[in-house]
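The residues making up each chain are set out below.
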Amino acid sequence: MRGLLAFLFSLGYIHRVENITYGRQSIDQSDIDQVVEVLKSDWLTQGPMVSQFENALAEFVQAKHVFACSNGTAALHLTSLALGLKKGDNVLCTSMSFAATSNAILYSGADVEFVDIDPETFNIDLNLLEEKLASGNYKAVYATSFAGLPLDAEKISNLCRQHNAFFVEDCCHAIGGHFHNLNDEKIMAGSSHYSDMSIFSFHPVKHIACGEGGAVSTNNDELAEKVKLYRSHGITKENIEDLEDQPWLNEQQVLGYNYRMSDILAGLGYSQLKKIKSNLDRRQVVAKTYKENLKLGYQKFDQRFYNAYHLFVVLSEKRKELYHFLREHKIFTQVHYIPIYKHPYYQKRYGDISLPKVEKYYEQCLSLPMFHGMTDEQLGFVIDKVNEFNK
Ligand SMILES: *Cc1c(COP(=O)(O)O)cnc(C)c1O
């Protein structure tokens, strides 16, 4: 009997301790009810739920326009289309993000140059960004509010304005994050108050789960029109003269895509968004408990910033050993991320690049479990195991 149990354990059919992953979604009955309601309605796509979700998002992140779309990568692509990035343009991008951030720049035909990170915040280094902007002609800056820590968007927008560059915030990690600007006003991450556009992802590991989903926010009416146009084939019914007489008319004005979100997923997103405050509160508690109980390095930031904690990254000189030790105890951590320029595609395209601060970060970083459904038992178990390893 024991042999059989051990065999089943080894196959993973029986779990001694449930797996604890670095992130996961929480779906409750209200989410299920909302999706079922959409399924029973007349619209599965291009119905009222998408705009209901967009309006609620716009109110939450405090942006004038929000456009939901099929995923965060599509949202990024829509920004490069709306800005009209093209071959011959150079764009600056943080070196520490998911590859999608810079892929979207390449989709447009433009080229990317990577900027090193600040070793305390893990966000793009503002001094290096300033030097870079002064040293060449750059069309735009793409930067990520990493792990949930909002960028100092006020400062970046000042730099971008001086050097005539657009500014796009990748806010996939930081919905609900905010900071106080120099006038002590509260600015929401992803509000596009300082940036030209911001983008979000609703992948299940992010704060709001749609399965797949994303959004673009902007306060600029012209960019908004372009995002909307490119999201749906470049086809519009606006400004067509004969529409009353020939209601079927529409016009394709640019080469767009189908990057729309379905009403089914918008329903899920809408329901998830209603619970974001308690989600963010729980993440604060998890982060505080980690900081108080672990003796490892972590992301440091000024009091002016409120971190939305998509990830909780610790720094360890024995990162690999810690990863494997935790895995043996069914704690599945992750490394966020491999610096984008180290991927073979980028190496082939741009040759060997080595940015010292992001390299050092990458050698040591490990994302511990961080999700709002994390129980006190799970949190205590992770802390015990990390401390057991570090003893
Ligand atoms: C998740 C993520 C993306 C891509 O979002 P998808 O919805 O998976 O396409 C882009 N940038 C960052 C920083 C992300 O975390």
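Residues numbered from 1 in each chain as written. Predicted model: local features only at pLDDT ≥ 70, side-chain atom pairs only at ≥ 80, totals over all residues. Heavy atoms only, no water.

Undergrad: Which residues make up empty space enclosed by the protein, and what values go with them?
TA: Counted by the stated rule, this structure contains two cavities of 30 Å³ or more. A volume near 70 Å³ is recorded for the largest cavity. As for the largest cavity, its lining consists of 15 residues, and the residues nearest its centre are A153, E169, F179, M188 and G190. Residue composition of the lining of the largest cavity, by class: eight nonpolar, six polar and one charged. There is about 40 Å³ of room inside the second largest cavity. Along its surface, the second largest cavity is lined by A147, Y298, Q299, Y309, L311, F312 and V313. Of the residues belonging to the lining of the second largest cavity, the class tally is six nonpolar, one polar and no charged. (1 Å grid on protein atoms, 1.4 Å probe; cavity = no way out; pocket = protein on both sides within 12 Å on 5 of 7 lines; lining within 4 Å. Points joined across faces, edges and corners; volume = space filled by probe spheres on them. Nonpolar A, V, L, I, M, F, W, Y, C, P; charged D, E, K, R; others polar.)

Undergrad: Describe the pairing of strand β2 (residues 65-69), naming the residues involved and giving the relevant values.
TA: Of all the five residues making up β2, five are buried; the element is thus mostly covered by neighbouring parts of the structure. Across the two faces of β2 the burial is the same, with H65, F67 and C69 and V66 and A68 all buried. (Buried < 20%, exposed > 50% of the residue type's maximum accessible area, 1.4 Å probe, protein only. Helix = DSSP H or I, 4+ residues; strand = E, 2+ residues; numbered from the N terminus.)

Undergrad: Outline the site of the ligand, listing residues and values.
TA: Taken together, 16 residues lie near the ligand, and G72, T73, D170, S201 and K206 sit nearest. A distance of 2.6 Å is found between an oxygen atom of the ligand and a side-chain nitrogen or oxygen belonging to T73. Separating a nitrogen atom of the ligand from a side-chain N or O atom of D170 is a distance of 2.7 Å. When the ligand is considered free in solution it has 380 Å² of accessible area, and contact with the protein chains removes 93% of it. Comparing atom positions with the cavity grids shows the ligand to sit within the second largest pocket. Sorting the residues of the shell around the ligand by element identifies α4 (72-82) and α5 (100-107) as the ones contributing at least two each. (Near = heavy atom within 4 Å. Polar contact = N/O pair within 3.5 Å; in protein donor to acceptor, adjacent residues only side chain to side chain. Areas by Shrake-Rupley, 256 points an atom, 1.4 Å probe, with all protein chains shown as cover. Sits in = over half its atoms within 2 Å of the grid points.)

Undergrad: Quick rundown of the environment of R349? Include the residues and the values.
TA: Inspection of the secondary structure puts R349 in helix α12 (residues 344-350). The exposure class assigned to R349 is partly exposed, which follows from its relative accessible area of 34%. Between the C-alpha atoms of R349 and F53, which are 296 residues apart in sequence, the distance is 39 Å. Setting aside chain neighbours within four positions, we find R349 in contact with L106, A110 and D111. (Contact = heavy atoms within 4.5 Å.)

Undergrad: Go over the nonpolar core with me, naming the residues and quoting the values.
TA: Most often, soluble globular proteins have nonpolar side chains that are buried together. Ranked by internal contacts, the top residues of the largest apolar core, which has 50 residues, are L78, L83, F114, Y142, F146 and Y361. If one sorts the elements of this core by residue count, α4 sits on top with six residues. Not counting chain neighbours up to four residues away, the residues in contact with L78 comprise C69, V216, V227, Y230, R231 and Y259. By size, the runner-up hydrophobic cluster in this structure holds 29 residues, among which are V38, A56, V61 and A266. (Core = buried A, V, L, I, M, F, W, Y, C linked by side-chain atoms within 4.5 Å.)

Just distances and angles here, no functional claims.
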